[in-house]
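This is what each chain is made of:
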Amino acid sequence: MRRFLSFNDFFREYFNGKTVKLSLDGGFTCPNRDGLISNRGCIFCTDKGSGEFAGDRKNSLNEQIDSQKSLLKNKWNAENYIAYFQNFTNTYGDLSYIKSIYNEVINRKDIKGISIATRCDCLDKETIKYLKEISNKKFLWLELGMQTTNENTIKLINRGYSHEVFDQKIEELKDNNILFLLHVIFGLPYEDENDFKNTIDYVKRVYPFGVKFHNLYICKNTDIYIMYKKEKFKLIPLDEYIKTVIYAIENMPRNTVIHRITGDPDKKSLYEPKWCLDKLSVISKIDKTLKDRNVPVKTKEDIKIAADYWKQ
Ligand code: SF4
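As a starting point, this report considers the structure included with it. (Residues numbered from 1 in each chain as written. Predicted model: local features only at pLDDT ≥ 70, side-chain atom pairs only at ≥ 80, totals over all residues.)

## What to know about the site of the ligand
Next up, step 1: Near the ligand lie 12 residues; those nearest to it are Cys-30, Asn-32, Gly-41, Cys-42 and Cys-45.
Next up, step 2: Classifying every residue of the shell around the ligand gives 4 nonpolar, 6 polar and 2 charged. (Near = placed C-beta within 6 Å. Nonpolar A, V, L, I, M, F, W, Y, C, P; charged D, E, K, R; others polar.)

Quick look at the structure:
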């Protein structure tokens, strides 16, 4: 039992058993990389479209699912799987292509849920209508790369659309009862504690199904690596990151599921900061700080209330 509502505890209750995510590659690209908006991408995006651990797009989705399941079989004794479309923008393209991808996984009994990483500027009305149809058959949520609410930072990181557009789409998703998860990065260039708090306040206000927190890290094959070498802006130190995550956890809405509290960079391409490679140590420091602050453990009852709250 954790002192925050974790992915593991939530889905163990929701699906009545261990649940793991399978990272799949649906063969999409991204308008911020293919030239429609820009061909550079968000400045931290790698050539893998921010999905370093996804399956191989040369294989069919059924092959990717089966191979990931067999890889994870010995690690987790899982009964339930989430098809996680992680890299690039997984609602960008013709609706017929989008449908062909998701229709392939909807009918698999072992796939209990679908998680779709995408951008708010790639969700038109028809796509939302189709996502709504899927959510009537499978537990579904969208993963949205918000990162921050600061418009200057949004421009600096080349996200490609404003917070205003983001916020309008959030309202539309809520009106359509489509669950969403927000990605948040602490320590973006030139941001300070006030920016982190503004972003956390926004998350609190919109009450997402889920949230993922991580620190900014610099991978070698990115634009931010070039920028960092030139400008040497401050990277968030571990103690400041922990303080910020604790503040975020303490301010999350009661039923928001916290899917991630640390970054997960690819070891080979990480440049700085090295502390985020030791994920277990970061997690244990966060857990210890929560305990020292007497943040209560989430009880079975708390988790059950959240599972009922997000019932689809
Ligand atoms: S939206 Fe995602 S895939 Fe597209 S450039 Fe940004 S991080 Fe990369």
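That covers the picture; the talk isn't over yet.
## A look at helix α7 (residues 193-206)
Next up, step 1: In this model, α7 (14 residues) spans 20 Å end to end at C-alpha, consistent with the 20 Å of a helix rising 1.5 Å per residue.
Next up, step 2: Every buried residue belonging to α7 is among Phe-196, Thr-199, Ile-200 and Val-203, and all of these are buried. The arc that holds the buried residues of α7, viewed along the axis, is 100°, so those residues lie on one side. Within α7, the exposed residues directed more than 90 degrees away from the buried face are Asn-194, Asp-201 and Arg-205.
Next up, step 3: The inward-facing, buried residues of α7 contact β5 (179-186), β6 (210-215) and α9 (238-250).
Next up, step 4: Of the residues one or two after α7, Tyr-207 is the one with positive phi, at around 55°. (Helix = DSSP H or I, 4+ residues; strand = E, 2+ residues; numbered from the N terminus. Expected span 1.5 Å × (residues − 1). Buried ≥ 20, exposed ≤ 12 C-beta atoms within 10 Å, placed from the backbone. Arc of directions from axis to C-beta. Contact = placed C-beta atoms within 7 Å.)

## Let's talk about the packing of α9 against helix α10 (residues 279-292)
Next up, step 1: Where α9 contacts α10, the axes come no closer than 10 Å and their chain directions differ by 55°. The angle between α9 and α10 falls in the class oblique. When you trace α9 past α10, the crossing you get is right-handed. Each of Leu-238, Ile-242, Val-245, Ile-246 and Ile-249 in α9 lies in contact with α10, whose residues at this interface are Val-282, Lys-285, Ile-286, Thr-289 and Leu-290.
Next up, step 2: When its residues are assigned to classes, the contact of α9 with α10 shows 8 nonpolar, 1 polar and 1 charged. (Axes fitted to C-alpha atoms, helices over the stretch in contact; angles between N-to-C directions. Parallel < 35°, antiparallel > 145°, perpendicular 65-115°, else oblique. Left-handed = near helix turned anticlockwise from the far one by under 90°.)

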